[in-house]
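# Examination of the molecular architecture
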Amino acid sequence: MTILVTGGAGYIGSHCCVTFLEAGHDVVVLDNLSNSNAESLKRVETITGRSVLLEQADIRDQAAIEAVLSRHNCTAVIHFAGLKAVGESTENPLSYYENNVVGTHRLLSAMAKTGVHDLIFSSSATVYGEPQRLPLTEDHPLAPTNPYGRTKLMVEDMLRDVAASDPRWRIGMLRYFNPVGAHSSGLIGEDPLGVPNNLMPYIAQVAGGRLDKLNVFGNDYDTRDGTGVRDYIHVVDLAEGHLRAYEALGRLEASQNSFAVNLGTGNGHSVLEMVKEFERASNRQVPYSIAARRSGDVAECYADTQMATDFLSWQASKDLRDMCADTWKWVVKNPKGYQL
Ligand code: NAD
Ligand code: UFG
């Protein structure tokens, strides 16, 4: 029983490979390496002592996916592959619709053709858009505010339709909040190309001296210190959530053969709290200045975690201190990321 992990060389996918291999599953990775480095999978092998095969291919190539699914007798797919930068999605929406929506359509077509019907999909809390109430429950209206978020919602809708069309499908959609941190070995972590868009890798590069200072995007939000509040979740907890979701597929009924669930901690932390905690973990200063709000940002966003607790028997176990300490360990050990 082999699980195909699309996008498995990337940040979250590589951590997921570790979790699944350690749980005794066999995995094969399909990745075009457009935003990752095969070195991550060598590190996964070092951590787990098990081998991981990389099939370098694109999810837009249906024939290639069919060949990989058949060659390795895959029984399930965990689907991470796609593009994920909100800002870039507003500048180049077509490549987001192509990679995320068309790519997932081709993947599903290949799965249908080869008789593979179990799927876990990386969705995002961005599908909720501007929160109308907090914490965000799974039945909150879905109204994404940018092209990236709309691709995630389109894929969710496609998956709900596909599941409803044929009871053999079993599909889990996982709405991640803000994944951060790294494996505690310091061997794998987030390795963004160029200047990071996201808070945690940006702070880490400031602490490590690669960037001068952090721009805090707005301190006039209606939050406890005026800066944006998010639900940061350790990537190893997130990977564990995938394992629980995969196990939950086996408990699905034909009449209810898909689910969407939040993966977050339920706790919000502000930008300034993140800075303070990272300074403590790294024993370095993180200079910052207050800048204008970033367009499209919301004041606060955090998960209701009840469904994950009840349905997946999963809860995040790592706190902000672990997230910052593990990120710092990764940065210190790999100042240039995966570039050797
Ligand atoms: P990542 O960029 O590190 O990983 C994505 C992987 O997919 C990369 O290895 C990339 O090379 C590969 N890929 C991209 N397009 C491909 C294609 N057409 N064919 C084959 N491979 C392709 O990103 P990540 O942070 O690990 O995110 C994984 C998934 O989780 C994505 O779908 C993302 O949208 C979703 N997600 C991420 C976050 C986050 O903050 N990191 C939050 C919510 C959801
Ligand atoms: N921020 C700064 N300075 C920076 C970067 C970020 O102040 O240099 C602030 C933002 O304004 C926000 C917070 O830090 O208040 C978090 O910003 P991120 O860019 O790290 O994360 P977002 O919440 O904007 O978005 C992330 C992913 C999305 C995903 C979403 C899910 O980038 O893909 O989480 O909640 F959809």
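Residues numbered from 1 in each chain as written. Chains lettered and ligands numbered in written order. Predicted model: local features only at pLDDT ≥ 70, side-chain atom pairs only at ≥ 80, totals over all residues. Heavy atoms only, no water.

## Considering the site of ligand 2
Not every one of the 21 residues close to ligand 2 is listed here, only the nearest: S124, N198, N215, R230 and D297. Between ligand 2 and N178, the relevant distance is 3.0 Å, taken from an oxygen atom to a side-chain nitrogen or oxygen of the residue. In this structure, L199 approaches ligand 2 through a main-chain N or O atom, which is 2.8 Å from an oxygen atom. Protein chains bury 89% of the 690 Å² of accessible surface belonging to ligand 2 in isolation. Looking at which element gives the most residues to the shell around ligand 2, the answer is strand 8 (residues 214–217), with 4 residues. In the shell around ligand 2, the residues fall into 10 nonpolar, 7 polar and 4 charged. (Near = heavy atom within 4 Å. Polar contact = N/O pair within 3.5 Å; in protein donor to acceptor, adjacent residues only side chain to side chain. Areas by Shrake-Rupley, 256 points an atom, 1.4 Å probe, with all protein chains shown as cover. Helix = DSSP H or I, 4+ residues; strand = E, 2+ residues; numbered from the N terminus. Nonpolar A, V, L, I, M, F, W, Y, C, P; charged D, E, K, R; others polar.)

## Quick word on the sheet that holds strand 9 (residues 229–230)
Across the sheet, which stays open at both edges, the 3 strands sit in the order 12-9-14 with mixed pairing between neighbours. Lying at the two open borders of the sheet, with one neighbouring strand each, are strand 12 (269–270) and strand 14 (300–301). Both strand 9 and strand 12 contribute to a ladder of 2 bridges, which runs antiparallel. Among the inter-strand pairings, V229 is bridged to a residue of strand 12, identified as S270. (Pairing = 2+ DSSP bridges.)

## Let's talk about the environment of D319
The topology assignment puts D319 in the loop between helix 10 (306–312) and helix 11 (320–333). For D319, a relative accessible area of 41% translates into the label partly exposed. Residues D319 and Y232, 87 residues apart in the sequence, show an inter-C-alpha distance of 8.9 Å. (Buried < 20%, exposed > 50% of the residue type's maximum accessible area, 1.4 Å probe, protein only.)

## A few points about the pattern of salt bridges
Per the counting criterion, the structure on display carries 18 salt bridges. With a shortest N-O distance of 2.7 Å, R43 and E39 are connected by a salt bridge. Here E39 and R43 lie together in helix 2 (residues 39–48), a separation of 4 residues that amounts to about one turn. Summarising the burial analysis for this pair, R43 and E39 share the class buried. With a closest N to O distance of 3.6 Å, R244 and E240 form a salt bridge. You can see R244 and its partner E240 sitting in helix 8 (residues 235–249), 4 residues apart, about one turn around the helix. Judged by relative accessible area, which is 26%, R244 ranks as partly exposed. Taken together, the shared-partner salt bridges in this structure form one network comprising E156, D157, R160 and R175. (Salt bridge = Lys/Arg side-chain N within 4 Å of Asp/Glu carboxyl O.)

## Quick notes on the site of ligand 1
With respect to spatial proximity, 27 residues lie near ligand 1, and among them D31, N35, S36, N99 and Y148 are the closest. The separation between an oxygen atom of ligand 1 and a polar side-chain atom of Y148 is 2.7 Å. K152 is positioned such that a nitrogen or oxygen atom in its side chain is 2.9 Å from an oxygen atom of ligand 1. Contact with the protein chains covers 95% of the free accessible surface of ligand 1, which is 820 Å². Of all the secondary structure elements, the ones that give two or more residues to the shell around ligand 1 are helix 1 (11–22), strand 5 (118–124) and helix 6 (147–165). Element by element, the count of residues in the shell around ligand 1 is highest for strand 5, at 3 residues.

## Description of unusual backbone geometry
Of the consecutive residues L134 and P135, the connecting peptide bond is found in the cis state with omega at -5°. Topologically, P135 is positioned in the loop between strand 5 and helix 6. One non-glycine residue, N73, lies in positive phi territory at about 50°. Position of N73 relative to the elements: it lies in the loop between helix 3 (62–71) and strand 4 (74–79). Take N73: its relative accessible area is 60%, and that puts it in the exposed class. One non-glycine residue, S313, adopts positive backbone phi at about 50°. As for its placement among the helices and strands, S313 is situated in the loop between helix 10 and helix 11.

## Here's the deal with the sheet that holds strand 4
Taking strand neighbours across the sheet as the criterion, the 7 strands line up as 3-2-1-4-5-6-11 in an open arrangement whose pairing is parallel. Every other strand in the sheet has two partners, leaving strand 3 (53–56) and strand 11 (258–263) as the edge strands with one partner each. With strand direction ignored, the average angle separating the axes of adjacent strands in the sheet is 20°. Of the pairings in the sheet, the one linking strand 2 (residues 26–31) to strand 3 comprises 4 bridges and is parallel in character. What sits directly across from V29, in strand 3, is L54. Its contacts with the sheet put helix 1 on strand 1 (2–6), strand 2, strand 4 and strand 6 (170–176), and the angle it makes with strand 2 is roughly 165°. (Axes fitted to C-alpha atoms, helices over the stretch in contact; angles between N-to-C directions. Contact = heavy atoms within 4.5 Å.)

All quantities given are derived from atomic positions and should not be read as evidence of function.
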